[in-house]
Amino acid sequence: AANAHRLVAMANQIGNGGTDIYGSMKKKYEDFIDSRNGRSAKVKYMVVFTDGADSNTVVREGSGYALTAPMRELMDKYRESGIDVIAIGIGAGANDVQAFAGPGLHYIRVEQDHPEDIAEAIAKIAEQKSQGLGLLPDGDLTEFFGINR
């Protein structure tokens, strides 16, 4: 109960965007390409946690969100390298993780008042990937993993 209370308090302090996901993901991709172990791994996935992306990563498009052209190109490189990308959006400002929908792109929305779902999401992703239980469905994994119920 004490840990749950602390998680709720931390989640309530989360901001509303500005995370440089593009820059971070670009650097991590370069690290992956430079790593023989990374390139030869059987299971490859990247989990990104954010409280909202900056405008170099995601843009508002109509009533939804889309990846910027440079971010889309980078995500194509991840896909070509066999790396699934899973964005976990935490808090009120993270609706923009919905832009992570497409081949090899996935997202989970964690409500600000349910921070315990962060650990559950991580555990379910790791279990699914490590046990080779098949491909993750593209796009929204929130319901697939039973998060936010």
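Below is a short write-up of the structure. (Residues numbered from 1 in each chain as written. Predicted model: local features only at pLDDT ≥ 70, side-chain atom pairs only at ≥ 80, totals over all residues. Heavy atoms only, no water.)

Next up on the list: the pattern of salt bridges. When charged atoms on two side chains of opposite charge get close, those side chains can pair. Using the criterion set out here, one finds five salt bridges in the structure. Put simply, lysine 28 and aspartate 31 hold a salt bridge, and the shortest N to O gap is 3.1 Å. Of the two residues, lysine 28 and aspartate 31 are both situated in helix α2 (residues 21-33); the distance of three residues between them amounts to about one turn of the helix. The exposure class of lysine 28 is partly exposed, given its relative accessible area of 40%. Judged by its relative accessible area of 28%, aspartate 31 is partly exposed. A salt bridge links lysine 124 to glutamate 120; the shortest N-O distance between them is 2.7 Å. Residue lysine 124 and its partner glutamate 120 are located together in helix α5 (residues 116-130), separated by four residues, close to a single helical turn. Looking at glutamate 120, the relative accessible area reads 29%, which means it is partly exposed. Shared partners join several salt bridges into a network, and the residues in it are Lys27, Lys28 and Asp31. (Salt bridge = Lys/Arg side-chain N within 4 Å of Asp/Glu carboxyl O. Helix = DSSP H or I, 4+ residues; strand = E, 2+ residues; numbered from the N terminus. Buried < 20%, exposed > 50% of the residue type's maximum accessible area, 1.4 Å probe, protein only.)

Let us now look at the nonpolar core. Met25, Leu67, Met71, Met75, Tyr78, Val85 and Phe100 are the most contacted members of the largest nonpolar core, which totals 20 residues. With residues near it in sequence (within four places) discarded, phenylalanine 100 still touches Ile21, Thr57, Val58, Leu67, Met71, Met75, Val85, Ala87, Leu105, His106, Tyr107 and Gly139. Within the second largest apolar cluster, 12 residues are counted, among which are Ile86, Ile90, Ala121 and Leu141. (Core = buried A, V, L, I, M, F, W, Y, C linked by side-chain atoms within 4.5 Å. Contact = heavy atoms within 4.5 Å.)

Turning our eyes to something else, we now look at the packing of α2 against helix α4 (residues 69-80). Taken N-terminus to C-terminus, the directions of α2 and α4 make an angle of 30°; their axes are 10 Å apart at the nearest point. On the basis of the axis angle, α2 is roughly parallel to α4. As for how α2 packs across α4, the hand of that crossing is left-handed. Taken together, the residues of α4 that come into contact with α2 (itself represented by Ile21, Tyr22, Met25, Lys26, Lys28 and Tyr29) are Pro70, Met71, Leu74, Met75, Lys77 and Tyr78. Class assignment for the residues of the contact of α2 with α4 results in nine nonpolar, no polar and three charged. (Axes fitted to C-alpha atoms, helices over the stretch in contact; angles between N-to-C directions. Parallel < 35°, antiparallel > 145°, perpendicular 65-115°, else oblique. Left-handed = near helix turned anticlockwise from the far one by under 90°. Nonpolar A, V, L, I, M, F, W, Y, C, P; charged D, E, K, R; others polar.)

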